[in-house]
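Spelled out, the chains give:
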Amino acid sequence: MNNPFCDPYLILNKVYIGGKFLKQAIAETPVEPFNKARTVKICYGVLEKDIYLDWIISSNTEKPPKTSVKIILKTALYMLEFMQKHNYMVVDEAVTLAKKLGKSGAAGFINAFLRSYKVPPLPENPTQRLSVESSAPLWLVKKLKRSYKEEAKDILCAPSQGICVQFERNAERYLNILHADTPFENVYIFNNFVRDENFFAGDYTFRSIGSTAVCSAISAGETLLDACAAPGGKSVFLSKKFKQITACELHPHRVELIKAYASRMGVENVTAVQADSGIFNPAYENAFDAVLCDVPCSGTGVINENPDIKLFRKEEDIAALQQIQLKILENCSRYVKKGGTLYYSTCSVLPEENDTAACAFLKLHPEYALFIPVSPLKNRQTNYGLQFLPHISMGAGFYLTSFKKL
């Protein structure tokens with residue numbers, strides 16, 4: 001369909017109705033190449049503003065529309081409110097798409113809604129107001145307000161800083177593009193960066209500023225276990241600091257991602273292994289100078305890069321994630337040599353996944369001593385580690401600490 005709503009609708013339908021992550025939905029949906037940048041912008045924008053757009057819809061309707069109709073309305077509202085598109089064009093294309101999708105019965109409703117809706121005032125209750133204003137779920141707003149007080153708004157509303165690129169060579173070819181320096185050598189953040197053939201040659205790779213900071217804080221040694229390694233960026237980064245790296249990943253297809261990443265970057269000292277890092281492997285006992293547990297987490301520190309987290313993550317998930325985190329940390333603590341270091345990191349801003357986990361681990365393991373790393377990236381030192389926050393840490397929220405085996 002030659003309609004600016006079509007490709008965003010197909011992608012967002014897979015997210016809202018199919019339950020797929022946005023990046024996965026984009027990757028598997030054929031989109032019109034000429035408009036791909038616009039399509040991606042719309043999809044990210046709709047999810048980023050999801051709760052705010054819901055607020056507008058619910059304030060202008062007596063009962064919620066069906067999800068398929070709501071997707072069209074949210075796309076139109078995003079284009080009208082945040083992309084400053086002409087009202088007549090947006091309305092006509094939204095109605096046309098509804099008819100082409102076989103939703104002619106909803107076309108009149110969509111037309112009337114978009115021509116008459118009003119943007120309501122934000123809720124008077126401060127917590128609800130912040131939830132709508134930041135399009136963050138209420139449970140997350142409450143947690144962040146408890147932990148960070150007035151700073152919660154800055155954390156939730158911090159924008160993405162751009163595309164983080166680490167160069168292996170030939171960085172000077174790209175530094176005429178608008179960019180920001182980072183505290184890390186050969187790592188820059190670009191407003192826009194188009195991948196070219198030098199990516200496949202291994203001249204550069206894309207990585208998060210959080211992953212870069214974590215890896216930069218890890219001390220060199222002989223052997224490293226990267227316990228939750230996919231897609232492989234950390235293992236490849238650390239391949240220069242260690243003679244041999246074992247990169248574990250639970251799912252077979254993600255093991256292949258690690259292998260492909262290492263191959264593209266010309267790295268030969270990373271061995272990718274399919275394994276559950278929460279289950280003991282006798283062959284690994286006391287075998288590594290360092291073990292990195294970059295554990296599965298809520299992702300609450302990177303919602304500006306992954307807005308679907310706000311859609312899918314539920315409050316009840318946190319307790320289950322805490323159990324997984326401690327299970328991995330507990331198990332991997334058995335793999336560290338005496339005098340070695342166990343590193344723990346998350347991309348979360350929730351203390352229960354961070355300091356609480358570190359505290360719990362130390363209480364159970366007197367053979368370990370807390371050793372808080374240092375980082376040139378701005379952060380807040382907590383009782384047990386370093387908390388990086390999106391509004392002060394170049395857009396990234398994550399946590400890092402380490403434990404020395406006595």
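The rules we used
All residue numbers refer to positions counted from 1 along the written sequence of the respective chain. Local features in this predicted model are restricted to residues of pLDDT 70 or higher, and side-chain atom pairs are both shown and tallied only at a pLDDT of 80 or more, whereas totals for entire chains, interfaces and linings draw on every residue. Here the side-chain values reflect all heavy atoms present in the structure, with hydrogen atoms and water set aside. A pocket here means an open set of points on a 1 Å grid, computed over the protein atoms alone, that has protein on both sides within 12 Å along at least five of seven lines. A cavity is instead a set of points where a 1.4 Å probe fits but cannot get out; residues with an atom within 4 Å of a point line either one. Grid points are joined across faces, edges and corners, and a volume is the space filled by probe spheres set on the points. Strands are runs of DSSP state E lasting at least 2 residues, helices are runs of H or I lasting at least 4, and numbering of each runs from the N terminus. Under this grouping Gly is polar, as are all residues other than the nonpolar Ala, Val, Leu, Ile, Met, Phe, Trp, Tyr, Cys and Pro and the charged Asp, Glu, Lys and Arg. Only a pair of cysteine sulfur atoms within 2.5 Å counts as a disulfide in this structure description. Exposure is judged per residue with a 1.4 Å probe applied to protein chains only, and the accessible area is read against the type maximum: over 50% gives exposed, under 20% gives buried, and values in between give partly exposed. Under the convention used throughout, the expected extent of a helix is 1.5 Å for every residue step, that is, one less than its residue count. Note that the arc is computed from the directions linking the helix axis to the C-beta atoms. Throughout, a residue-residue contact means that at least one pair of heavy atoms, one from each residue, lies within 4.5 Å. Between Lys or Arg on one side and Asp or Glu on the other, a salt bridge is scored when a side-chain nitrogen of the former is within 4 Å of a carboxyl oxygen of the latter.

**Student:** Just to check I follow, could you spell out the layout of surface pockets for this structure?
**Tutor:** A water-sized probe rolled over the atoms picks out the places where empty space is left. Of the voids in this model, the second largest pocket is the one considered here, and its volume is about 310 Å³. Elements with a minimum of two residues in the lining of the second largest pocket: strand S1 (163-167) and helix H13 (233-238). Considering each element in turn, the lining of the second largest pocket owes the most residues, three residues, to H13. Split by residue class, the lining of the second largest pocket holds seven nonpolar, six polar and five charged.

**Student:** Just to check I follow, could you spell out the state of the cysteines for this structure?
**Tutor:** Disulfide: a covalent bond formed between the sulfur atoms of two cysteine residues. Going through the model one piece at a time under the given rule, you end up with zero disulfides. Free of any disulfide, Cys6 has its nearest neighbouring cysteine sulfur in Cys43, separated by 11 Å. Looking at Cys6, the relative accessible area reads 7%, which means it is buried. Between Cys164, a cysteine without a disulfide, and Cys215, which holds the nearest cysteine sulfur, the sulfur-to-sulfur distance is 11 Å. Residue Cys164 is classed as buried on the basis of its relative accessible area, which comes to 8%.

**Student:** For this particular structure, what's the right way to read helix H6 (residues 87-100)?
**Tutor:** Each full turn of the α-helix corresponds to 3.6 residues, which orients residues three or four apart in the same direction. Between the first and last C-alpha of H6 there are 20 Å, a value that for 14 residues agrees with the 20 Å anticipated at 1.5 Å per step. Residues of H6 that are buried include every one of Val90, Val91, Ala94, Val95, Leu97 and Ala98, and no others. For H6, the angular spread of buried residues about the axis comes to 160 degrees, placing them on one side. Where H6 is buried, its residues meet helix H1 (6-16), helix H5 (67-82) and helix H7 (104-116). Just past H6, the residue Gly102 takes up positive phi, approximately 80 degrees.

**Student:** Just to check I follow, could you spell out the pattern of salt bridges for this structure?
**Tutor:** If you walk through the whole model with that rule in mind, you get 18 salt bridges. Among the salt bridges present, the one from Glu151 reaches Arg380, with a minimum N-O distance of 2.7 Å. On the criterion of sequence distance, the pair formed by Glu151 in helix H10 (residues 151-157) and Arg380 in strand S11 (residues 380-381) is long-range, its members being 229 residues apart. Between Asp294 and Lys234 there is a salt bridge, and its shortest N-O distance comes to 3.3 Å. Of this pair, Asp294 sits in strand S8 (residues 288-294) while Lys234 sits in helix H13; the two residues are 60 residues apart in sequence, bridging distant segments of the chain.

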